[in-house]
Amino acid sequence: MIVHLGQILDALGGELVGGVREIEISRISPLETADSTSISFLSNPRYEAQMAASKAACVVVAPGMRSAAQARGACIVAANPYVYFAKLTQFWKAKQDGVRLTGVHPSAVVHETAMVDPTAYVGPHCVVEANAKIGAASVLRSHVVLSKDCQIGERCLLHPGVVIGADGFGFANDAGQWIKIEQLGCVRVGNDVEIGANTCIDRGALDDTIIEDGVKLDNLVQIAHNVQVGAHSVIAGNTGVAGSAKIGRNCSIGGAANILGHLSIADGTSISPTSMVTRSIHQPGLYTGIFPLQTNEQWEKNAASLKQLHTLRERIKKLEKALYAQNSNNGNS
Amino acid sequence: MIVHLGQILDALGGELVGGVREIEISRISPLETADSTSISFLSNPRYEAQMAASKAACVVVAPGMRSAAQARGACIVAANPYVYFAKLTQFWKAKQDGVRLTGVHPSAVVHETAMVDPTAYVGPHCVVEANAKIGAASVLRSHVVLSKDCQIGERCLLHPGVVIGADGFGFANDAGQWIKIEQLGCVRVGNDVEIGANTCIDRGALDDTIIEDGVKLDNLVQIAHNVQVGAHSVIAGNTGVAGSAKIGRNCSIGGAANILGHLSIADGTSISPTSMVTRSIHQPGLYTGIFPLQTNEQWEKNAASLKQLHTLRERIKKLEKALYAQNSNNGNS
Amino acid sequence: MIVHLGQILDALGGELVGGVREIEISRISPLETADSTSISFLSNPRYEAQMAASKAACVVVAPGMRSAAQARGACIVAANPYVYFAKLTQFWKAKQDGVRLTGVHPSAVVHETAMVDPTAYVGPHCVVEANAKIGAASVLRSHVVLSKDCQIGERCLLHPGVVIGADGFGFANDAGQWIKIEQLGCVRVGNDVEIGANTCIDRGALDDTIIEDGVKLDNLVQIAHNVQVGAHSVIAGNTGVAGSAKIGRNCSIGGAANILGHLSIADGTSISPTSMVTRSIHQPGLYTGIFPLQTNEQWEKNAASLKQLHTLRERIKKLEKALYAQNSNNGNS
């Protein structure tokens, strides 16, 4: 596929500097691997040297980098080069793929009472159960399950193997036996939500599990019953969110993090990958709980000491007392 | 759907106090969000104030809460309100769904040598391989795979995407190349087992992987080859159990916990979420290994110190020695 | 199935000692559970006592164990008994299963532009998208998705629910909204790769995600966009590898480990299970970061102290200073 810079400018705006609209582009590349038919971008001024060395036909830059970019050749000046780049990938994909698919693949199993918007797409081997609802322009790739009564909004993208509306994990213990608590709520997913491959979102026990607008979930994420994920929050892969936790808006949860049940996380909070959230977070900020990696030999020593950390603290206390007593005796204090 | 209290009492027992059998119920609700057609329950006396404030038409309570409950209106007195509630959700779902599905969905692929009990249900796009066996009243939801020779008992519920009997992860290293160890065992799942969405249970290498009666597994759990999970144990989401580990009966494993291979865990043991079990546990109890969450700034300081914890311990030892020596010199000891 | 020792020797080599080729074998067993028709193996001299007590008809041993093995009955002497055992499982399975399946199962959905080698097998309900490519003798079990343009090499085995080529997790933030970065790269999987059930490998953003020859991935692993996994590396279940991380050759990554994005891991590195890799590793070796498990009561004390570890360190520093000052005063230093 060949595209002229002019077509890109017409579609996405930006100001062309130091080059002509007729320049031919055959791919989008990182600065390092770009060649003479690549368009690339510089989102962080730190990489200015990489830009200078790049063979890219054209680089998208912020206004502040205009002169540095011009020094090496054609560039497009845009307010936010990373957002420009994102839109460029969309433009590129739309050109490559042609008409967007709509309708229901013949191998999908869609219940007669389900409501699928005619502009949505339900891919191969999907299962859409009774009274489920899929909004306009949403896409279910292969093997997605949308269970009874669950709904997803408009312009959502669900990757292969997503399971929406399996039963939440709820049982009552009756003298050592687990009695199932049927999960009578459903899952409601807002607009512009993307859900990664093999991710699971369980239906609510009595009330519903809620994923608000603009949320992005990565692969293999587990969202338990009655969780609420606030608008425009992102959750990276392998993360688990336990029952009834309430994640605010614009949060960012790192990969393989875990959030205990019944907690609240303030809007705008970030959690580092693999960290475990055991209490509610009321102040936004970045929170971390990671055991530092060491050689196994070092780790063994430190882990052994860690098991006695409380004792070490007691010993320090005693030392302080003893020293203080001595100093008093010696008239040093 | 409208149900009279009388119908509930006839089905589930319990003693109606402070109200009439004709009261109409349209939903089951938590105390806080209950309205005048809700039935709710109080399982923990701590929430007595919430009960007092609730608008529920009827509340299920334990014998000890009888007078407090009566003070606000209709209540059902039951020995274990939480178990009563669980059974109520089952009663409710059965009424809503009508006849339980049986048989094999036409899109499922079931091998001719597989044995599926006529009262079981095999859902859309399931795959049941040669000589696999499914017991009475078990349900396989969509996309479940039951591999060759594997068997599940009676009244099991397998959620979408469950994979039973993929190969265990076994290879022999031959001068840097991995030689596959074919997995010749199978998976045997007992009765009354529930398995969450996209959970995987691998077949055994030589002997079988065994899930005993009444076990409940959440979503995205990984059970490796030759693991044994004892009866009535529960394992929450994202947990991994490595090869040949043996989990006792009535254990409770928190979400995203991990259990190393070839370990034994005593009956009745609880493991906190995200904790890593690196040795066998012989005494039941609650075990934990979680790095505490802090602001990233605090964490950075503490993690740096943790890397030198062993050295800190040595320094404390030295201090103690020095102080003891001094005290001896000074005649203080 | 009955096999004579002679058939095994003809297929796999090795020297028969202390027994005859006509001995009948009906199963491969561990030493402990072997019976008089079992063939077993001893890969570690530590288990010599188990061998002595075993009822196995024949035991595969290393040359050094020849006389100990002979003392109890028939044995096969082989250079590497564990590799011999692995090959024996392959021999066994081939005999059991008969002809290997090839072709495309009628329920699979394979795009007309996909290239499937005629000796490959595409199982029930698989989805192979446009321009995808499957090499000779590779096997896709049920529900595998191979997305547009992705390719897998020869003799690969993909277990049920594997998703190759879902979109990498990439978004640009535009004033609080996430703008999708279309993922224009693909996934390239080498030869002799095995991928576990429900594992996900995302397509690259601009360049490709690469899994080199001989890599083995367990179940529920998440490989993010533009990751590179070096040849003959193994990654155990539930592990997450973040975007653009580069894992060397012959590495061994334990279960539920996590590797941050944009890192490099040296060839031959081992990572302990559940450990989090936050920086590049340049020296091969075994690395660990696991919070030690304790009773919850002990853990609570130690975790509380850990939150103040940096302060403890400061207190030790102060003590050292004070003691040193004192000793100087007292003329002890």
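Residues numbered from 1 in each chain as written. Chains lettered and ligands numbered in written order. Predicted model: local features only at pLDDT ≥ 70, side-chain atom pairs only at ≥ 80, totals over all residues. Heavy atoms only, no water.

The name given to chain A in an unreviewed UniProt entry is UDP-3-O-acylglucosamine N-acyltransferase, with Comamonas avium as the source organism. Taken verbatim from the UniProt record of chain A, the Subunit (unreviewed entry) comment is "Homotrimer." UniProt annotates chain A under Sequence similarities (unreviewed entry) with the comment "Belongs to the transferase hexapeptide repeat family. LpxD subfamily." (UniProt positions renumbered as here; feature names shortened; annotations may be inferred.)

Peer 1: Describe the overall build of chain A, naming the residues involved and giving the relevant values.
Peer 2: For chain A, the helix and strand inventory stands at 6 helices and 37 strands. Computed over its C-alpha atoms, the radius of gyration of chain A comes to 27 Å, more than 25% above the 20 Å expected for a compact globule of 333 residues. In terms of its C-alpha atoms, chain A occupies a principal-axis envelope of roughly 90 × 60 × 35 Å. Out of the 333 residues in chain A, the part that is buried amounts to 55%. Of all intrachain contacts in chain A linking residues separated by at least 6 positions in sequence, the fraction that spans at least 24 positions is 20%. Working note: accessible area of chain A is about 12800 Å², and carbon and sulfur atoms make up 51% of it. Where the 28 positive side-chain charges of chain A centre and where its 29 negative ones centre are 7 Å apart. (Helix = DSSP H or I, 4+ residues; strand = E, 2+ residues; numbered from the N terminus. Rg over C-alpha atoms; globule rule 2.2 N^0.38 Å. Buried < 20%, exposed > 50% of the residue type's maximum accessible area, 1.4 Å probe, protein only. Contact = heavy atoms within 4.5 Å. Areas by Shrake-Rupley, 256 points an atom, 1.4 Å probe, with all protein chains shown as cover. Lys, Arg positive; Asp, Glu negative; His and termini not counted. Charge placed at Lys NZ, Arg CZ, Asp CG, Glu CD.)

Peer 1: Summarise the UniProt feature "active site" (unreviewed entry) in chain A; cite the residues concerned and give the values.
Peer 2: Residue and element names in this part refer to chain A. The positions that UniProt labels "active site" (unreviewed entry) are, in the present scheme, His-225. With respect to the secondary-structure elements, His-225 resides in the loop between strand 26 (222-223) and strand 27 (228-229). Assessed through its relative accessible area of 14%, His-225 is described here as buried. Beyond its immediate sequence surroundings of up to four residues, His-225 is in contact with Gly-168, Phe-169, Gly-170, Gln-183, Asp-202, Arg-203, Gly-204, Ala-205, Thr-209, Gly-243 and Ser-244. A polar contact is formed between the side chain of His-225 and the side chain of Gln-183, at a distance of 2.7 Å. (Polar contact = N/O pair within 3.5 Å; in protein donor to acceptor, adjacent residues only side chain to side chain.)

Peer 1: Describe the UniProt feature "coiled-coil region" (unreviewed entry) in chain A, with residues and values.
Peer 2: Look at the UniProt record and you will see "coiled-coil region" (unreviewed entry) annotated at residues 302-329 of chain A. A distance of 36 Å separates the end C-alpha atoms of residues 302-329 of chain A, which is 93% helix and 0% strand.

Peer 1: Which residues make up the relation of the copies chain A and chain B, and what values go with them?
Peer 2: Turning one copy of the chain about an axis and sliding it along that axis gives the other copy, so a rotation and a shift relate them. Of the two same-sequence chains, chain A is brought onto chain B (RMSD 0.1 Å, axial shift 0.0 Å) by a rotation of 120°. On this basis, the relationship between the two copies can be described by a three-fold rotation axis. Among all residues of chain A, the minimum C-alpha distance to the rotation axis is found for Phe-291 of chain A, at 3.6 Å. (Least-squares fit on C-alpha atoms with pLDDT ≥ 70 in both.)

Peer 1: A description of the sheet that holds strand 21 (residues 187-189) of chain A should follow, citing residues and the corresponding values.
Peer 2: One open sheet accounts for 8 strands, arranged 10-13-16-21-24-27-30-33 (chain A); its pairing is parallel. One side of each edge strand has no neighbouring strand; the edge strands of this open sheet are strand 10 (115-116) and strand 33 (264-265) of chain A. (Pairing = 2+ DSSP bridges.)

Peer 1: Just give me the short version of the interface of chain A and chain B, but keep the residues and values in it.
Peer 2: Facing the 75 residues of chain A at the interface are 68 residues of chain B. Between chain A and chain B, a total of about 5800 Å² is buried, with carbon and sulfur atoms accounting for 63% of that surface. When the buried surface of chain A facing chain B is broken down by residue, Phe-169, Trp-178 and Leu-206 of chain A rank first, second and third, together holding 11% of it. The tally of links between chain A and chain B comes to 4 salt bridges. Its salt-bridge partner being Lys-180 of chain A, residue Glu-194 of chain B comes within 2.9 Å of it at the nearest N-O pair. Contributing elements (two or more residues each) for the side of chain A that touches chain B: strand 18 (163-166), strand 19 (171-174), strand 20 (177-180), strand 23 (200-202), strand 35 (276-277), strand 36 (286-288), helix 5 (296-306) and helix 6 (309-329) of chain A. It is helix 6 of chain A that contributes the most residues to the side of chain A that touches chain B, 9 residues altogether. Inspection of the sheet shows strand 36 of chain A paired to strand 37 (residues 294-295) of chain B by 2 bridges, in the antiparallel sense. (Buried area = accessible area lost by both parts, 1.4 Å probe. Salt bridge = Lys/Arg side-chain N within 4 Å of Asp/Glu carboxyl O.)

Peer 1: Let's hear about the packing of helix 1 (residues 5-12) of chain B against helix 4 (residues 81-97) of chain B: which residues, and what values?
Peer 2: Residue and element names in this part refer to chain B. As a packed pair, helix 1 and helix 4 sit with axes 11 Å apart at the nearest point and diverge in direction by 110°. Taken together, the axes of helix 1 and helix 4 lie roughly perpendicular to each other. By crossing handedness, the relation of helix 1 to helix 4 is classed as right-handed. Contacts from Gln-7, Ile-8, Leu-9, Ala-11 and Leu-12 of helix 1 reach helix 4 at Tyr-84, Lys-87, Leu-88, Phe-91 and Lys-95. Of the residues in the contact of helix 1 with helix 4, the class split is 7 nonpolar, 1 polar and 2 charged. (Axes fitted to C-alpha atoms, helices over the stretch in contact; angles between N-to-C directions. Parallel < 35°, antiparallel > 145°, perpendicular 65-115°, else oblique. Left-handed = near helix turned anticlockwise from the far one by under 90°. Nonpolar A, V, L, I, M, F, W, Y, C, P; charged D, E, K, R; others polar.)

Peer 1: Outline helix 1 (residues 5-12) of chain C, supporting the account with residue identities and numerical values.
Peer 2: Since the α-helix packs 3.6 residues into each turn, any two residues three or four apart lie on the same face. All names here are of chain C. Within helix 1, the full set of buried residues consists of Leu-5, Gly-6, Ile-8 and Leu-9. Viewed along the axis of helix 1, the buried residues span an arc of 160°, placing them on a single side of the element. Backbone geometry just downstream of helix 1 places Gly-13 in the positive-phi region, at approximately 75°. (Arc of directions from axis to C-beta.)

Peer 1: Quick one: what's the story with the side chain of Ser-40 of chain C, residue by residue and with numbers?
Peer 2: Residue and element names in this part refer to chain C. Residue placement: Ser-40 occurs in strand 5 (residues 38-41). For Ser-40, the side chain forms a polar contact with the main-chain oxygen of Ser-29, separated by 2.7 Å. A polar atom in the side chain of Ser-40 sits 3.1 Å from the backbone nitrogen of Leu-31.

Peer 1: Kindly report on the interface of chain A and chain C, identifying the contributing residues and their values.
Peer 2: Often, the extent of an interface is quoted as the loss of accessible area upon association of its parts. Across the contact, 68 residues belong to chain A and 75 residues belong to chain C. Linking chain A to chain C there are 4 salt bridges. Linking chain A to chain C there are 24 residue pairs in polar contact (both at pLDDT 80 or more). Those elements that provide at least two residues to the side of chain A that touches chain C are helix 4 (81-97), strand 25 (216-217), strand 28 (234-235), strand 37 (294-295), helix 5 and helix 6 of chain A. Per-class residue counts for the side of chain A that touches chain C are 29 nonpolar, 28 polar and 11 charged.

Peer 1: Residue-level account of the packing of aromatic side chains, with values.
Peer 2: Across all of its chains, the model carries 15 aromatic pairs over all chains by this definition. Ring geometry for Phe-169 of chain A against Phe-171 of chain A: centres 5.3 Å apart, planes inclined by 85°, an arrangement best described as edge-to-face. For Phe-169 of chain A, a relative accessible area of 22% translates into the label partly exposed. Among the residues examined, Phe-171 of chain A registers a relative accessible area of 10% and is labelled buried. Aromatic pair Phe-41 of chain C and Phe-85 of chain C: ring centres 4.0 Å apart, planes at 15°, arrangement stacked. Of the two residues, Phe-41 of chain C is situated in strand 5 and Phe-85 of chain C in helix 4 (residues 81-97); the sequence distance between them amounts to 44 residues. Ring pairing ties together the aromatic residues Phe-41, Tyr-82 and Phe-85 of chain A, which thus form one cluster. (Phe/Tyr/Trp six-rings, centres within 6.5 Å; stacked < 30°, edge-to-face > 60°.)

Peer 1: Break down the pairing of strand 19 (residues 171-174) of chain B for me, with residues and values.
Peer 2: Residue and element names in this part refer to chain B. As paired elements, strand 19 and strand 20 (residues 177-180) share 4 bridges and run antiparallel to each other. Counted as the bridge partner of Asn-173 is Trp-178 from strand 20. Hairpin connection from strand 19 to strand 20: 2 residues lie between these consecutive antiparallel strands, with Ala-175 at a positive phi of about 55°.

Peer 1: Any chance you could break down the environment of Phe-291 of chain A for me, citing the residues and the numbers?
Peer 2: Within the fold, Phe-291 of chain A resides in the loop between strand 36 and strand 37. Apart from the residues within four sequence positions on either side, Phe-291 of chain A is in contact with Trp-299 and Leu-306 of chain A, Phe-291 and Leu-306 of chain B together with Gly-289, Ile-290, Phe-291 and Pro-292 of chain C.

Peer 1: Could you give an account of the pattern of salt bridges, with specific residues and numbers?
Peer 2: Under the defined criterion, the tally for this structure stands at 42 salt bridges over all chains. Between Glu-154 of chain A and Arg-155 of chain A there is a salt bridge, with the nearest N and O atoms lying 3.3 Å from each other. Judged by relative accessible area, Arg-155 of chain A falls into the partly exposed class, the value being 44%. Sharing partners across several salt bridges, the network here consists of Lys-93 and Asp-97 of chain A together with Lys-148 and Asp-149 of chain C.

Peer 1: Outline the side chain of His-159 of chain C, supporting the account with residue identities and numerical values.
Peer 2: Take His-159 of chain C: it is sitting in the loop between strand 17 (157-158) and strand 18 (163-166). A distance of 3.3 Å separates polar atoms of two side chains, one belonging to His-159 of chain C and the other to Arg-141 of chain C. Of the polar contacts made by the side chain of His-159 of chain C, one reaches the side chain of Glu-194 of chain C; its length is 3.0 Å. Not counting residues within four places of it along the chain, the set of residues in contact with His-159 of chain C comprises Ala-166 and Asp-167 of chain B together with Arg-141, Val-144, Glu-194, Ile-195, Gly-196 and Ala-197 of chain C.

Peer 1: Explain unusual backbone geometry residue by residue, including any values.
Peer 2: All names here are of chain B. Backbone geometry at His-232 places phi at a positive 65°, although glycine is not the residue there. Within the element layout of this structure, His-232 appears in the loop between strand 27 (228-229) and strand 28 (234-235). The backbone phi angle of Ser-244 is positive, close to 65°, even though this residue is not glycine. Among the secondary structure elements, Ser-244 is positioned in the loop between strand 29 (240-241) and strand 30 (246-247).

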